[in-house]
Amino acid sequence: MTARNHVIAIGNALVDVITTAPPEFLSERCIAKGSMRLIPADEAETLYAAMGSGREISGGSAANTVAGMAALGARPAFVGRVADDQLGAVFAHDIRASGVSYTTAASTGGAPTGRCLIVVTPDGDRTMNTYLGACQELSEADLDADSVAASEILYLEGYLWDPLVPRAAMKKAIAVARANNRKVAFTLSDVFCVEGHRADFQELLASHVDLMFGNEHEVCALYQTKNLEEAMAELAKHTAIAVITRSSEGAIVLEGGNRHVISGEKVAKVVDSTGAGDMFAGGFMAALVEGRSLPDCARVGCITAAEVITHYGARPEADLKALVKARLG
């Protein structure tokens, strides 16, 4: 079957609400600075009311990734559930306007559209407080098996592994991709995801995943070590291609016995680190389907990640194609 999409991603469909605040805003509420946590509906309402004026921007990890891919000229699709409400309409409009195919039907009568309340401190660090809402209602019925079969890569986010119903949908998508000889890519998403599903994630990498993304902290958590070299030695045994991001230090790509170390891109000032890992994955996969070498894929990822941290929000604002051409040709 000829591939219709370069990538089809399954993930949380969220709207980011971003505000700036001093660290004291977090400590006064016993929120760990730089953390990512899930919160219930009542806390989401209380925290939202306490936050200062901010920006509402469509987000969600895998959704950010495919938006970045579209900006680089790839053909991505996204599967994720929103509700039939104002934020749901905002999300659907934004992702389609970015060039991503999005056909998941909005839910009615259930939980509202999920939102991520993001507090950015003056150092550019972001603290994410996520109410998943309608995201958790994504089910196998939302999957179009033909679209999965007609996509070169199936991309899954670890954030969505926690709820049982979406997890079943992701497992079904993996089975469809495998049956049609498609690649499966997976992002570890966050240390708390790894710690909650370590055994599942290790089994996924060993049996189903061709391409893994994770930062150095997530990879170390996966193998319960503080030594990155030890973690990478284990990782290399189980995944065909593993990409470890290291913030400003760049990335490391493991492929069999090969290791590619890529330096990070320099930026004048980090404004908001939200979405840096998402945009790295988008840049990497857009370059991969274009046929670039793995080191160049990582370089494109570093370029796109560097762009997104120079402004608020997790979606690109500059011309990514022009940035990549200027740096790599």
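Predicted model only: the values in this text are computed from it and were never measured.

1. Observations regarding the UniProt feature "domain: Carbohydrate kinase PfkB" (unreviewed entry) in the protein chain
According to UniProt, the "domain: Carbohydrate kinase PfkB" (unreviewed entry) feature falls on residues 36-316. End C-alpha atoms of residues 36-316 are separated by 21 Å, and the span's content is 42% helix alongside 21% strand.

2. What to know about helix α4 (residues 86-97)
Helix length check: α4 (twelve residues) gives 17 Å between terminal C-alpha atoms against 16 Å at 1.5 Å per residue, within 8%. Within the span of α4, buried status applies to Leu87, Gly88, Phe91, Ala92 and Ile95. Along the axis of α4, the buried residues cluster in a sector spanning 135°; they form a single face. Exposed side of α4, more than 90 degrees from the buried face: Gln86, His93 and Ala97 are the residues found there. Residues of α4 that are buried make contact with β2 (14-20), β4 (55-59), α3 (61-71), β5 (76-79), β6 (101-102) and β7 (114-120).

3. A short note on the packing of aromatic side chains
Between two aromatic rings, the relevant description is the distance of the centres plus the angle of the planes. All chains considered together, the criterion is met by ten aromatic pairs. Taken together, a centroid distance of 6.5 Å and an interplanar angle of 75° make the contact between Phe213 and Phe280 edge-to-face. Of the two residues, Phe213 sits in strand β11 (residues 211-215) while Phe280 sits in helix α11 (residues 276-290), which places them 67 residues apart along the sequence. Neither Phe213 nor Phe280 differs from the other in exposure class; each is buried. Among the aromatic residues, those joined into a cluster by ring pairs are Tyr155, Phe213, Phe280 and Phe284.

Rules behind the numbers
Residues numbered from 1 in each chain as written. Predicted model: local features only at pLDDT ≥ 70, side-chain atom pairs only at ≥ 80, totals over all residues. Heavy atoms only, no water. UniProt positions renumbered as here; feature names shortened; annotations may be inferred. Helix = DSSP H or I, 4+ residues; strand = E, 2+ residues; numbered from the N terminus. Expected span 1.5 Å × (residues − 1). Buried < 20%, exposed > 50% of the residue type's maximum accessible area, 1.4 Å probe, protein only. Arc of directions from axis to C-beta. Contact = heavy atoms within 4.5 Å. Phe/Tyr/Trp six-rings, centres within 6.5 Å; stacked < 30°, edge-to-face > 60°.

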